[in-house]
Structure formats: C-alpha cells, structure tokens
Amino acid sequence: MFLNAAIPHTPYDDGIRNDYRPIVQIFIDTLMTFPGETWQRRWDASGVENMPSLTWHDAFPGLNEVARELATSPGIAVSIFIRLDALRPSAEFLNRVGRIRLDGFSPWSLEGFPTDAARDTLRAMLILQVATGKHLREITADDVVASAAVARKPIRRGLADALEILKRLGIVPPDLPPLRQLAKSPRPDAAAMVARNKIEPPAVAEMFTRYLRSRAPGVDYPTLQAMSTELLRNFWMEIRSRNPEQADLRVAPEVADWWKTESVGRLKNRYRTLFAVRAMYLDIAAWATHDAYWASWSTASIVSQIDTAGHQKHRRRVIAAHHQRVRKIAPRVPKLLAAIDTDLEHQESLLRAATTTPLGERFEWAGRAYLRETGAGPGVSMTAVPIRDLATGERTFQARIAERAFWSWAIVHVMHETGMRQEEVAELTATALFTYEASTGEKMLLLQVVPSKSDRGRVLLVSPELAHVLARLRQRARGDEHQVPLVIRYDSLERDFSPPLPLPFLFQWKDGDVRRVFSPAAFKNFVAYAVQVAGLDTPETRLTAHDFRRLFATDALRSGLSVHILAKVMGNLNLSTTQGYAAVFDEDVARHFRQFVDRR
C-alpha cells in the first residue's frame, strides 16, 4: 500500500508527480529497525523528532541522497505516511521542519475553511489536523492554544488568524478572546521571580518571596520586577558568590564593604540598588515589631545614609545631561515636523498613483517612471502594492511604506502636541475626545488621558493641529468599519492584558485577521523612521519617544506656563519631577531676570 501510494495515477496521487517508491522503501526499511508494533511507535522510537530540523533525515541513511536524485525533499516519505494516516508527527516537529508537505496529503477534511486564506494560516491548520488527527469541525480552542505553544512565529500568526476564522464558522465560541490572550502564560509572581533566580538556601528564598509579596500591593508590576532584580541578582546572589555559606541578612563587614565597592560600584546606577537594599532592611526592622517571622530576620542595615549621600549629586548630573540634550535637539524639531509632513504627503501621493495604475503598466510620478508589478512575491499579499523604480530597479511595497509614514507622522505629532508618555499615547481611544461647554458658553475640545505611571488621569485642551491628527487617526483605525474596532491591549510592562475588556484604541493595526495595539517596540521604530526621514539620525540629534515629553515641558515653560499648571498637564505628582523635565535656556534666564529688574 505504501509503495503504491508513492507513484502517480493511483487513488493516493494528490501531490505525487514522480515515482517516489525508492524513498519510501528506504523510509520503511529504516523504520523496521526500530522497536514497536505500529509505524507511529517505531517513528517515536527512532528519536527523529529530537534531531535538528535540517538533519532529521540522517536517521534514515540514504534517504537524502535518493531524494536529491529525484529532485525532491526527503520529507515526501513522511508526507505519504501522513496521507495514509499511518504516522502523526508532533506539531513541534512539523513546525520546525518546514519542508514536509501537508497540502494534498492530509487525510482530514478542511471543507468549509476558506481556501484563499494566507499560506501560513492554511499550513497552521494542516499541522493542527495532522498532530491531533481531527477533522475541521472537531477542532477546539484548546487544540489551537496547544499548537501555538510549540509553533514558530509565522505558524503562530497563522494560528491566530485560523482561530478568528473558526469563530466565524461557529466551530469555536465566537466570544473567545484572541489567541494571544488565550495562550499567554500568567505573569511571574513573587515566588516565580525568586525561583527563576535559584535563590539558596531555601529559608532565604522563602524570606525574599514573603518580602516581595508584602511589597507587591503598593507598587506596580514593573517596579516589583525591578525590585526583585536589585534584591535577588544585584544583592543576594553577589553576596553568596563572595560567601557561599551566607544564610541570613547579617552580612560580615568585610563582605558588605566588598559588595558596596566592587560589586555595586560597577553598576550603571548603583544608587538604585543601594536604596532597594536599604529599604528592605528598614522594612523588615519595622515589620519585626509586630510580626514574629520578621523578628528573626531583622538586623542592622549594611547600607547606611552615608552610602547613599551622593544620590542627589548623581541625580543633578543626570538631569543636567538631559537638559543639555534638550537644548541641542530643540532647534531641530521644526525640521523634523516639516520632514514627516512632506514624507507623508509624498508616500500617500505615490501610493494613489500606483493603485490607479493597472497591474503590469508603467506610470510616472514626480518625474520618475515606475512599474506596477503583477506579483508581490512569496508570502506577500498584493495589497502591499509592489512597484519598481525603473531608473534604479529598486522594488518597494508602497502600501507598507505609506502605512509606516502615516503612523510615524501621527505618533510624533501627538507626542509633540501633548507631552504624553508613550504608554498614554498607546492607550488613546476613540472615546477620549469630547466637547466641554464652559459656564461662559464657550465650547472646548478636550482629550481625556487615562491614568498611567502616576495613576493620575487628566484632561488636555486640544489644539487645531492635534484635532486634525486625531481625526485622521480615527479614520485610519476605523478603515471600512462603521466605528473603530474594539481591541484588547497587551501591556508589556504590566505583563498583562489591560484593560480586560476590548476598547476602540486609535493606535491599532490589523495583523491578518487579528487586530493589535502597537507595542513599545513599534513606537520606537516609528519614531526612528521619522528621525531618519528628517536626516537627524546621529548620536547628537537622534530623538526618542520620551524626548518629546521633555521638549513639551521646556516649550511650555518658555512660553510662560506656570510650573504648577504644567505639572497638572503632564500628570506629575511632584513639581520636582516637572522641573527635571524642563530645560532652561540661557536667553530665557536673561530675559526673565531683566523683566524682574524692570519691575523693581
């Protein structure tokens, strides 16, 4: 039966175009040498699934050589066994070994699944069927999640799209969250943080776990993670490397001195570590007065006030460096804004010219000749609008370039106009914009900023320029829909989905059949693109997303806005934080002092 399935013009000839019997014969002969009552058990006993993806066929001597002679892949033997339902390789193996054909070889029906789905989506479904042995209507959400756990990125994206299609077909519940949310493992808690660092001895590990759990309710998750790094990695593991017998917090003076001078001294921000350790000692001492457990751990802190005395000087140096940086880049901001405006107009105009040109035809734009290509290439949709510059021969996907230009333009303008944190910009929704009527009858357009770092929400007045950007953002996010689609946002800092319910986020994009909110890495890339377009991509002039917050504070103070009001606008709890953002120019000092002298 297996040899008959390896030749064309048989009931099993899907995908069979040559006589593959020599390959199948080698495959059978080798499998017979392994123990087992079935082909599946012999396959499992061969250990082939644990071999590297490029050399798995070495377990079958001669298979690769014969496959070369027949101008095919050695995986054709596995494909034929799959076709006869004699073998079910694991999803992990099929994900790693991409040259095993499944289309035309799966014995399980995909009837009803859209045949025009993306290639990775179709392969993801075939892998899922082969690994589980289920027909389409038998697949569950748990099957998709299990397959995603071992899938590589392209197939994982295909599974995400497949899950949305299964929802539309009614095979899985339509109210299920996206695959990314279903498959996301819980964020590490205090115990997991301690276990990850393999803290010894067990009593100390338990102490650190209890300490972090006690601090967790009062801090956000990124702070808890940073705290665990300072206490576990930068403190305890360093102490144990110096004294492997250390079993409590009573560190010998010579070891403590070594840690403060040699170990902490090489850290970029040693004061952060010193403050974290000192805070832990002081917390334990305070808790020991009413909790017997902590009384056994309470001891004098190895970090004194003298050790942290240089913190303010260090902070002033950091702030001074930020201020000097702002003074250098502030004069170049108008050039940046003009450049991204021009680039967006340029890229969208070229895209319009390309999309109105029939496939395979030439067109001219801005004095240059282009060709609207008839194919996008492997794995690329024609919606990317491939064009070729006939003068240089360079091929580009104009829809993607125009998309990048738009999001760079929108992100830079929103940050420049509002001074919002990057996370706050990502959390902007279509409902954040509203109209307020004052007691005087004047109507004002306002923007609601959700609580972020300080858990302090605020409202900003919307300028005409910002209103234009927000209107275009809403139009882009809505697309062909009647309203902005609802999306679940993953917070990479909190390591959780926030908020738990979908919202109409403005900074969202469509990844296949799944909509996502832009990640911090995407914001970084879009800002970098804007900087590159403006010709400011040098160490002295390169901007980051947070630089726009500093520039906003500086511009506001230079324009005469009170620092107290600015703190409210920026969502700062302390005036010193706001003052740290704003750089003061020498000419501003001279002008304000002159005005003061004149008033006297």
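An account of the accompanying structure is given in this report. This structure is a prediction, so every number in the text was calculated from the model and none was measured.

So, how was this worked out
- Note on numbering: residues in each chain are counted from 1, in written sequence order.
- Note on the predicted model: pLDDT of at least 70 is required for a residue's local features to be given, and 80 or more for side-chain atom pairs to be given and counted; whole-chain, interface and lining totals, by contrast, use all residues.
- Note that the side-chain values use all heavy atoms of the structure and ignore hydrogens as well as water.
- In this text, buried Ala, Val, Leu, Ile, Met, Phe, Trp, Tyr and Cys residues form a nonpolar core when linked through side-chain atoms within 4.5 Å.
- For each residue, the accessible area found with a 1.4 Å probe, counting protein chains only, is set against the maximum for its type, and the residue is called buried under 20%, exposed over 50%, and partly exposed in between.
- Here a strand is any run of E in DSSP of at least two residues, a helix any run of H or I of at least four, and the numbering for each starts at the N terminus.
- By definition, residues are in contact when any of their heavy atoms lie within 4.5 Å.
- Being paired, for any two strands, means DSSP has found at least two bridges between them.
- Axis definition: a line fitted to C-alpha atoms, limited for helices to the stretch in contact. Angles are taken between N-to-C directions and run from 0 to 180 degrees.
- The labels follow the angle: roughly parallel below 35 degrees, roughly antiparallel above 145, roughly perpendicular from 65 to 115, and oblique for the rest.
- When residues are sorted by character, Ala, Val, Leu, Ile, Met, Phe, Trp, Tyr, Cys and Pro go into the nonpolar class, Asp, Glu, Lys and Arg into the charged class, and all the rest, Gly among them, into the polar class.
- Side-chain rings of Phe, Tyr and Trp (the six-membered ring for Trp) are treated as a pair once their centres are within 6.5 Å; stacked means planes under 30 degrees apart, edge-to-face means over 60, and tilted covers the remaining angles.
- Think of it as a cone above the ring: NZ of Lys or CZ of Arg counts as a charge over the ring if it is within 6 Å of the ring centre and within 35 degrees of the ring normal.
- Between the first and last residue of a helix there are one fewer steps than residues, each counted as 1.5 Å, and that sum is the expected span.

Some words on the nonpolar core
The nonpolar side chains of a soluble globular protein tend to be buried, and buried together.
Then, in step 1: Judged by nonpolar contacts, the single largest core of 58 residues is most densely connected at Phe27, Trp43, Phe60, Phe81 and Leu166.
Then, in step 2: Of all the elements in the fold, those that place two or more residues in this core are helix H1 (21–31), helix H2 (39–46), helix H3 (63–69), helix H4 (75–83), helix H5 (91–96), helix H6 (119–132), helix H7 (141–148) and helix H8 (153–168).
Then, in step 3: The greatest single-element share of this core, amounting to seven residues, is contributed by H8.
Then, in step 4: Apart from the residues lying within four places of it in its own chain, the contact partners of Phe60 are Phe27, Thr30, Leu31, Trp43 and Val48.
Then, in step 5: Leu344, Ala426, Leu466 and Phe523 belong to the second largest nonpolar core, which has 50 residues in total.

Points about the sheet that holds strand E6 (residues 443–449)
Then, in step 1: Pairing within the open sheet is antiparallel, and its three strands lie in the order E5-E6-E7. The open sheet is flanked by strand E5 (433–437) and strand E7 (458–461), the only strands paired with a single partner. The sheet shows a mean angle of 45 degrees between the axes of neighbouring strands, direction not considered.
Then, in step 2: Note that E5 and E6 share five bridges and pair antiparallel. Following the sheet pairing, Phe434 is matched in E6 by Leu446.

Section: the sheet that holds strand E4 (residues 395–397)
Within a sheet, each strand pairs with its neighbour through backbone hydrogen bonds, oriented either parallel or antiparallel.
Then, in step 1: Reading across the sheet, the four strands line up as E1-E2-E3-E4 and stay open at both edges, with antiparallel pairing between neighbours. Whereas interior strands pair on both sides, the edge strands pair on one side only; in this sheet they are strand E1 (362–365) and E4. Between one strand and the next, the sheet's axes are offset by a mean angle of 35 degrees, whatever the strand orientation.
Then, in step 2: Across three bridges, the pairing between strand E2 (residues 368–372) and strand E3 (residues 386–389) is antiparallel. For Arg372, the partnering residue across the bridge sits in E3 and is Ile387.
Then, in step 3: Seen against the sheet, helix H17 (residues 333–355) touches E1, E2 and E3 and runs at an angle of roughly 155 degrees to E1.
Then, in step 4: In the packing of helix H18 (residues 398–418) onto the sheet, contacts are made with E3 and E4, and the angle to E4 comes to roughly 55 degrees.

What about the packing of H17 against helix H21 (residues 520–533)?
Then, in step 1: At a closest axis distance of 8 Å, the pairing of H17 and H21 adopts a crossing angle of 95 degrees. Taken together, the axes of H17 and H21 are roughly perpendicular relative to one another. Between H17 and H21, the contacting residues are Leu336, Ala339, Ile340, Asp343 and Gln347 on the first element and Tyr529, Ala530, Val531 and Val533 on the second.
Then, in step 2: In terms of residue class, the contact of H17 with H21 is made up of seven nonpolar, one polar and one charged.

Examining the packing of aromatic side chains
Aromatic ring pairs: the centre-centre distance and the angle between the two ring planes describe each pair.
Then, in step 1: Inspection of the entire model under this criterion finds 24 aromatic pairs.
Then, in step 2: Taken together through their ring pairs, the aromatic side chains of Phe406, Trp407, Trp409, Phe507, Trp509, Phe518, Phe523 and Phe526 make up a single cluster.
Then, in step 3: Taking NZ or CZ as reference, Arg42 lies 5.1 Å from the ring centre of Trp39, over its face.
Then, in step 4: Its guanidinium or amino end placed over the ring of Tyr293, Arg210 lies 3.8 Å from that ring's centre, counting from NZ or CZ.

Looking at helix H11 (residues 202–215)
Then, in step 1: With 14 residues, H11 extends 20 Å from end C-alpha to end C-alpha; this agrees with the ideal 20 Å at 1.5 Å per step.
Then, in step 2: Listing the buried residues of H11 in full gives Val204, Ala205, Met207, Phe208, Thr209, Tyr211 and Leu212.
Then, in step 3: For H11, the elements touching its buried residues are helix H10 (190–196), helix H12 (221–242), helix H14 (270–287) and helix H15 (292–295).

Digging into unusual backbone geometry
Then, in step 1: Cis geometry marks the peptide bond from Glu200 to Pro201, where omega comes out at -5 degrees.
Then, in step 2: The phi angle at Asp85 is positive, at roughly 55 degrees, despite the residue not being glycine.
Then, in step 3: With respect to the element layout, Asp85 can be found in the loop between H4 and H5.
Then, in step 4: Residues other than glycine seldom take positive phi values, yet Arg495 does so here, at roughly 55 degrees.
Then, in step 5: Among the structural elements, Arg495 can be located in the loop between strand E8 (490–491) and strand E9 (496–497).

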